[in-house]
Amino acid sequence: MHINLESLFNEEDLLRDYELSNRKQPFKKILTIGDSDIGFLGTHMTTKGYDLASIIAIFKSKQLFNPTQSKPIFLDLGCGLANVVIYAAHHGWISYGVDSNIHCYNASIENIGKAIEAEFISEGSAKVAYGNFFPPSFVLEKMPNYEKEDPFRKTLDKQLEECPVLDVYASQLNLRLSDVDLFYHFQVERQNNILRFFSEYGKRDAMLLILRTMNDTVTFPPNIKKIGIFPINEDFVLYQKI
């Protein structure tokens, strides 16, 4: 399927969704935990502003997806405070997230509860899990010079050491990765690992959206194609499994 990304972004809709995302909501958008290295520099932020409005444009474009369930399924790999998970549910998706930071996981549970209380989402439409978003069977590739080429590795490894070693999708979410229509990752992991994960576990025609924060080299698995870069933000890259 040919996808014209420019056609998905209407300036008026983006502005409206940007204003919606910036309104005072009952759920947190930032979590600060002293001067610890939990999160990054002690602060764990979340996708927001025009970035969130851009993702909402994809949530509204359900015609791009071929769901195997009654609604399309969204999965946030490293969901932080679950804001994107909540907005996916608000726009009619079955929405999931996973995070290896216990403080972010607890805050995301609180956020989802507040969003339900405020009738922003319906109960059961958004779920999150605590643990590693890579299944136990996935082989993680690490860079030898990780401080320059993989800047979040040390913090991620520390968090993962404290996580239970289990398949969060089966044990906590009752989710099959082969049912996910849209994966999302605010980049803290190398793209090569995310793309291999998507290649191995995603279904055909599923999509992966990465908000890049690292200038890492990408090697494409043969069954993954790059659809394109968002016209309004070149840090967003959309991929599809073929």
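Residues numbered from 1 in each chain as written. Predicted model: local features only at pLDDT ≥ 70, side-chain atom pairs only at ≥ 80, totals over all residues. Heavy atoms only, no water.

Q: Requested: an account of the sheet that holds strand β9 (residues 233–241), with residues and values cited.
A: Strand order across the open sheet formed by seven strands is β5-β4-β3-β6-β7-β9-β8, with mixed pairing between neighbours. The sheet is open, and its two edges are formed by β5 (126–130) and β8 (224–230), each paired on a single side. The mean angle between the axes of side-by-side strands here comes to 20 degrees, regardless of whether they run parallel or antiparallel. Note that β8 and β9 share six bridges and pair antiparallel. Each residue of the ladder has a partner; that of Lys226, found in β9, is Tyr239. (Pairing = 2+ DSSP bridges. Helix = DSSP H or I, 4+ residues; strand = E, 2+ residues; numbered from the N terminus. Axes fitted to C-alpha atoms, helices over the stretch in contact; angles between N-to-C directions.)

Q: How would you sum up the pairing of β5? Please name residues and give values.
A: The buried fraction of β5 amounts to four of the five residues, a majority that puts the element mostly inside the structure. Relative to β5, strand β4 (residues 94–99) is paired through five bridges, and the arrangement is parallel. Counterpart to Ser95 in the pairing with β5 is Ala126. For the crossover that starts at β4, traverses helix α4 (residues 102–117) and ends in the parallel β5, the hand is right-handed. (Buried < 20%, exposed > 50% of the residue type's maximum accessible area, 1.4 Å probe, protein only. Right-handed = clockwise from strand over helix to strand, strands pointing away.)

Q: Help me get a handle on the environment of Glu123, residues and values and all.
A: Along the polypeptide, Glu123 turns up in the loop between α4 and β5. Judged by relative accessible area, which is 70%, Glu123 ranks as exposed. Taking the C-alpha atoms as reference points, Glu123 and Ile112, separated by 11 residues in sequence, lie 8.8 Å from one another.

Q: Which residues make up the environment of Asp99, and what are the values?
A: Within the fold, Asp99 resides in strand β4. Taking the relative accessible area as the measure of exposure, Asp99 reaches 6% and is therefore buried. Linking Asp99 and Cys163, residues 64 residues apart in sequence, is a C-alpha distance of 9.8 Å.

Q: Tell me about helix α3 (residues 83–90), and please be specific about residues and values.
A: The element α3 is largely enclosed, with a buried count of seven among its eight residues. When we look at burial in α3, the residues that qualify are Asn83, Val84, Val85, Ile86, Tyr87, Ala88 and Ala89. Once α3 ends, the next one or two residues include Gly92, with phi positive near 90 degrees.

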